[in-house]
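Chain and residue survey
This is what each chain is made of:
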Amino acid sequence: MGIAKHFTATEIFVSDGSKCDCGYILDILGDQNKVAITDPVYPVYVDTNVMAGHTGPARKDGSYEGIVYLPCTAENNFVPQPPKEHVDLVYLCFPNNPTGAVATREQLASWVDYARRHDALVLFDAAYEAYISDPKISHSIFEIEGGHECAIELRSFSKIGGFTGVRCGFTVMPKTLLARTDFGKKLPLHALWHRRWSTKANSVSYPVQRGAEALYSDEGRQQCRALIEHYMGNAKILREACEKIGLHFYGGTNAPYIWVQTPKGLTSWEMFDRMLREISVVVTPGSGFGAQGEGYFRISAFNSRENAEEVARRLEKL
Ligand SMILES: *Cc1c(COP(=O)(O)O)cnc(C)c1O
């Protein structure tokens, strides 16, 4: 939570959650942008672009024409390199949902470098930054030099303070961030974003803002820390259970998600069915997050300790 000191208060836009801002941001961007999205991915990035009419038709595997997909595979540790081709807008999310992967400082720097060379905009979703335990991993794209010239960062209180239903987050829109217009002119996005918010919304209700403020009190910080430690304790239990029965998995150390390979060539949905029928456990099929998610499923650590332990016991019966 330590990025505010680099920005003025007017560069922080309190929002009703980062999912919402993910979609709203398209209001101030053009219709013809080349958009790059990681695969697998939090479905909101793709679907909001589809709804805004920014893609071509759907293909058989559920992907869309017109989007530049960046495959995240075991080979690249689920962190893609910038593409060779030009794109205008790229969505990055680290720690990642669904893979639980984190990007190193060098990997983020290569994205900032790409964005500056291509006049591209990075939408950096840091919803899970508080789950990072490795001190070498950056919590914000603004820790990378030049990030404030090319990136917008989305922050959420949902996974930090249990605000998924309460609805509050914030978007960091640096005044130094310039976007290129159709005519090659560079303009700050800040004024457009301010205009968008004041035209279509009136920010977040006062009681909810006071609730979010309380997350920053001494007591609030302690409670958030305890909550995150609780979920990461579940993640450890679930990782160990996977290990015990020989499932190959990734993530679950800097993120509350464990990304598990399906055994013996089962598809994501076949594994989903098997776990539901045999042990009455619901997981998320990886193919729902994109074509590259096929052959994986996601286990979430967002649960009670009792449930995490019960899932660990049932996994042994699989
Ligand atoms: C949960 C989540 C969010 C948070 O969304 P809110 O609208 O703030 O609840 C954002 N991005 C990702 C990748 C998520 O998984």
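Residues numbered from 1 in each chain as written. Predicted model: local features only at pLDDT ≥ 70, side-chain atom pairs only at ≥ 80, totals over all residues. Heavy atoms only, no water.

Observations concerning the overall build of the chain
Heads up, the condition is: Numbering goes from the N terminus for both helices and strands, where a helix is a DSSP run of H or I of at least four residues and a strand is a run of E of at least two. As defined in this context, the radius of gyration uses C-alpha atoms, and a globule is described by 2.2 Å times the residue total to the power 0.38. Relative accessible area decides the class of each residue, using a 1.4 Å probe on protein chains only: under 20% of the type maximum gives buried, over 50% gives exposed, and in between gives partly exposed. Note on contacts: a residue pair is in contact if any heavy atoms of the two residues lie within 4.5 Å. The accessible surface values rely on the Shrake-Rupley method and a 1.4 Å probe; as for residues, cover is taken only from the protein chains in view.
A tally of regular secondary structure across the chain gives ten helices and 13 strands. Against the compact-globule benchmark of 20 Å for 318 residues, the chain has a radius of gyration of 20 Å, which places it among compact chains. Each principal axis of the C-alpha distribution contributes one length, and for the chain these read about 60 × 50 × 35 Å. Looking at the 318 residues of the chain, the share that counts as buried comes to 50%. Counting contacts in the chain only where the partners sit at least 6 residues apart, residues at least 24 apart contribute 68% of the total. Of the accessible surface of the chain, which amounts to about 15200 Å², a share of 52% is contributed by carbon and sulfur atoms.

What to know about the state of the cysteines
Which entries qualify depends on this criterion: Only a pair of cysteine sulfur atoms within 2.5 Å qualifies as a disulfide here.
Within the structure shown, the criterion is met by zero disulfides. Looking at the unpaired Cys 224, the closest cysteine sulfur is the one in Cys 168, lying at 12 Å. Under the relative-accessibility criterion, Cys 224 is labelled buried at 5%.

Considerations on the sheet that holds strand β3 (residues 67-71)
Rule in force here: Only strands joined by at least two bridges in the DSSP assignment are considered to pair. Each axis is a line fitted through C-alpha atoms, and for a helix only the stretch in contact is used; angles between axes span 0 to 180 degrees, taken between their N-to-C directions.
Strand order in the open sheet formed by seven strands is β1-β7-β6-β5-β4-β2-β3, with mixed pairing between adjacent strands. Each edge of the open sheet carries a strand with a single partner, namely β1 (12-15) and β3. Each adjacent strand pair in this sheet contributes to an overall mean axis angle of 20°, direction not counted. Looking at chain direction, strand β2 (residues 35-39) and β3 are connected through five bridges and run parallel. The residue of β3 that forms the bridge with Asp 39 is Pro 71. Lying over the sheet, helix α6 (residues 190-200) contacts β1 and β7 (169-172), oriented at roughly 25° with respect to β1.

Some remarks on the site of the ligand
Our working definition: Distances are taken per atom, and a residue is near a molecule or strand as soon as one of its heavy atoms is within 4 Å of it. Pairs of N or O atoms within 3.5 Å make up the polar contacts considered here, provided that, within protein, one atom can donate a hydrogen while the other can accept it, and that residues adjacent in sequence are counted only when both atoms are side-chain atoms.
Taken together, 14 residues form the shell around the ligand, and within it Tyr 128, Ser 156, Ser 158, Lys 159 and Arg 167 come nearest. Between the ligand and Asn 97 there is a distance of 2.8 Å, counted from an oxygen atom to a side-chain nitrogen or oxygen. Asp 125 places a polar side-chain atom, nitrogen or oxygen, 2.6 Å from a nitrogen atom of the ligand. Out of a free accessible area of 380 Å², the ligand has 94% covered by protein chains. Elements with a minimum of two residues in the shell around the ligand: α1 (18-24) and α5 (158-161).

Describing the pattern of salt bridges
Just so we agree on the cut-off: Salt bridges, as used here, are contacts in which a Lys or Arg side-chain nitrogen is within 4 Å of a carboxyl oxygen on Asp or Glu.
Summed over all chains, the structure comprises 16 salt bridges. When the shortest N-O distance is used, the salt bridge between Glu 143 and Arg 105 registers 2.9 Å. Here Glu 143, found in the loop between β5 (121-125) and α4 (147-150), pairs with Arg 105, found in helix α3 (residues 105-118); they are 38 residues apart in sequence, far enough to count as distant. The partly exposed category is assigned to Glu 143, whose relative accessible area is 34%. Relative accessible area serves as the criterion here: at 35%, Arg 105 is assigned to the partly exposed category. Note that Lys 236 is salt-bridged to Glu 240, the shortest N-O span being 3.1 Å.

What about the sheet that holds strand β10 (residues 249-251)?
Hydrogen bonds between backbone atoms are what pair the strands of a sheet, whose relative direction is either parallel or antiparallel. If you walk across this open sheet you meet the four strands as β10-β11-β13-β12, and the pairing is antiparallel. The sheet is open, and its two edges are formed by β10 and β12 (284-285), each paired on a single side. For β10 and strand β11 (residues 257-261), the ladder comprises three bridges, and the chain directions are antiparallel. In the strand pairing of β11, Phe 249 is matched with Val 260.

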